[in-house]
Protein chains: 2
Amino acid sequence: MHVGIIGGTGPAGRGVALRLAQAGARVTIGSRDAERAASVVGEVQARWPGLDLPLDGADNAGAAAAELVVVATPWDSAVATVRALREPLAGKVVVSMANALVKEGREMLALVPPRGSVAAALQAALPDSLVAAAFHHLPASEMENLESGLEADVLVCSDHPAATAATVALVERLRGLRPLDAGSLNQAAAIEAFTAVCITLNIRHKAHSTLRMAGI
Amino acid sequence: MHVGIIGGTGPAGRGVALRLAQAGARVTIGSRDAERAASVVGEVQARWPGLDLPLDGADNAGAAAAELVVVATPWDSAVATVRALREPLAGKVVVSMANALVKEGREMLALVPPRGSVAAALQAALPDSLVAAAFHHLPASEMENLESGLEADVLVCSDHPAATAATVALVERLRGLRPLDAGSLNQAAAIEAFTAVCITLNIRHKAHSTLRMAGI
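What comes next concerns the included structure. In this text the structure is predicted, and so the values were computed from the model without any measurement.

What follows covers the relation of the copies chain B and chain A. It takes a turn of 180° to lay chain B on chain A, together with a shift of 0.0 Å along the axis; the resulting RMSD is 0.0 Å. Given the turn and translation reported, the copies of this chain are related as if by a two-fold rotation axis. Of every C-alpha in chain B, the one belonging to Arg212 of chain B sits nearest the axis of rotation, 2.5 Å from it. Of the interface residues in chain B, 100% have counterparts in chain A that sit at the interface too, so the contact is made through matching surfaces.

Shown next as structure tokens:
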């Protein structure tokens, strides 16, 4: 399994890359700047020297060449970034994890993108790809710390059953994470927006909270 | 403590009324039709005959006369209902629990009200009241069953610290529920919309799920 992380040098992308590599997937961290990606890969590998993590760095086109691709850029550059990669991403499962958020005082607010969600905007920009949304509510610092004892549910939604299935299978490989099929890509609007509530709770309660759906 | 539930005869309102009465609060279930409210009170009391629940039924003006008022009407009649009660609700904490949702196939979708949330629309219609939003993600059938062993977090948000404090204190009285301050009324948009995700998960997974924020 080879996974590419477009825009993978930020905390969110690094956390997913680390956890996937820990689970044995080959992971390419992509960046606008391939040297920056290589440097981040070096830092992650140096933090976990005993693990021999199968990570490498590349430009975003290099990440887009993988079998399955995660988009972890800031939300406001996600569409422009993937539009240039429409051809290499055609036919592939593309997992959107960005949230359109803005800080205001002691809270994070959810913005409403023109298509309702970042994931829906990516699907519109990549009509030949199978877009799923996932990984929204995870605290990045816990994802980057393999000793954190993280236990969280990951809500997955897509208009393509094959993309939901592939994303659920990907999440199932990751220790401490439980994937839940949350329906069509229409749900991404509410799933992404709820990230603002999770972060606001963390600010107010000085916590690294994780979402759990009890009773499923 | 006297709590009124405007539009309290539906499953959501009945569940909150029952749990509050179980906790010892005097509760007036309101309805457009006072006879309907009295009949629902009779049904609830008959289901739990040993409890001597301090419930009564009234029209919505009767419910609005309570110390603290919960609005549990369907979302599309909430604003019209409270607008007629602006005077009796002035100066009071008003808790909004409605969600703007629509069913589409095997999922529930969140609609975006003109003010972003039902709660924000209520605050705009009731400028002299202190509106909070709460009780959105609770499965009504579990709320109405005192033997369900319900354990859930209740996200509370408001622009008025006094309304947040009063609503948090109200939720703390209810067995199995943990209130969490989730910030300003701006958060109600994402909190209400996320109810669509919770219900969709329940449909897909044949469950009565509850929201838990681990790590707080």
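So much for the structure itself; the text now carries on.
Moving on, we get to the sheet that holds strand β8 (residues 130-133) of chain A. All names here are of chain A. Reading across from one edge, β3-β2-β1-β4-β5-β8-β9-β10 is the order of the 8 strands in this open sheet, with mixed pairing throughout. With partners counted over all chains shown, the strands left at the sheet margins are β3 (55-59) and β10 (177-181), one partner each. The mean angle between the axes of side-by-side strands here comes to 25°, regardless of whether they run parallel or antiparallel. Pairing analysis gives 2 bridges linking β8 to strand β9 (residues 152-158), with the strands arranged antiparallel. When the bridges of β9 are listed, Ala132 appears paired with Ser158. In the packing of helix α6 (residues 118-125) onto the sheet, contacts are made with β4 (68-71), β5 (93-96) and β8, and the angle to β8 comes to roughly 175°.

Moving on, we get to the sheet that holds strand β9 (residues 152-158) of chain B. Residues and elements named next belong to chain B. In spatial order, the strands read β3-β2-β1-β4-β5-β8-β9-β10; together these 8 strands make up an open sheet with mixed pairing. Both outer strands of the open sheet, β3 (55-59) and β10 (177-181), are each paired with one neighbouring strand and no more. Here the average twist between neighbouring strands, direction ignored, is 25°. In terms of strand pairing, β9 meets β10 through 5 bridges, oriented parallel. Across the sheet, residue Leu155 finds its bridge partner in β10, namely Leu180. The strands touched by helix α2 (residues 34-47) within the sheet are β2 (26-31) and β3, with β3 carrying the most contacts at an inclination of about 165°.

Moving on to the environment of Leu177 of chain A. Residues and elements named next belong to chain A. Tracing the backbone through its elements, the reader meets Leu177 in strand β10. On the basis of relative accessible area, Leu177 is assigned to the buried category, the value being 8%. In the structure, Leu177 is positioned 137 residues away from Val40 in sequence and 24 Å away in space, judged by C-alpha atoms. In this structure, Leu177 is in contact with Leu138, Met143, Leu150, Ala152, Val154 and Val171, ignoring residues within four places of it in sequence.

With that settled, the discussion passes to the interface of chain B and chain A. Taken together, the 34 residues of chain B in the interface contact 34 residues of chain A. Contact between chain B and chain A buries roughly 2700 Å² in total, counting both sides, with carbon and sulfur atoms accounting for 66%. Applying the counting criterion to the chain B and chain A interface returns 2 salt bridges. Taking the shortest distance from any N to any O, the salt bridge between Asp181 of chain A and Arg204 of chain B comes out at 3.9 Å. Run the count over chain B and chain A and you get 11 residue pairs in polar contact (both at pLDDT 80 or more). Counting residues per element, the side of chain B that touches chain A draws most heavily on helix α9 (residues 188-205) of chain B, at 11 residues. Split into classes, the residues belonging to the side of chain B that touches chain A amount to 18 nonpolar, 11 polar and 5 charged.

For the rest of this paragraph, the subject is the side chain of Thr9 of chain A. All names here are of chain A. Summarising the element assignment, Thr9 is placed in the loop between β1 (2-6) and α1 (11-22). Given a relative accessible area of 12%, Thr9 falls into the buried group. The contacts of Thr9, once residues within four sequence positions are left out, are Arg14, Ile29, Gly30, Ser31, Arg36, Ala37 and Val40.

Calculation rules
- Residues numbered from 1 in each chain as written.
- Chains lettered and ligands numbered in written order.
- Predicted model: local features only at pLDDT ≥ 70, side-chain atom pairs only at ≥ 80, totals over all residues.
- Heavy atoms only, no water.
- Least-squares fit on C-alpha atoms with pLDDT ≥ 70 in both.
- Contact = heavy atoms within 4.5 Å.
- Pairing = 2+ DSSP bridges.
- Helix = DSSP H or I, 4+ residues; strand = E, 2+ residues; numbered from the N terminus.
- Axes fitted to C-alpha atoms, helices over the stretch in contact; angles between N-to-C directions.
- Buried < 20%, exposed > 50% of the residue type's maximum accessible area, 1.4 Å probe, protein only.
- Buried area = accessible area lost by both parts, 1.4 Å probe.
- Salt bridge = Lys/Arg side-chain N within 4 Å of Asp/Glu carboxyl O.
- Polar contact = N/O pair within 3.5 Å; in protein donor to acceptor, adjacent residues only side chain to side chain.
- Nonpolar A, V, L, I, M, F, W, Y, C, P; charged D, E, K, R; others polar.

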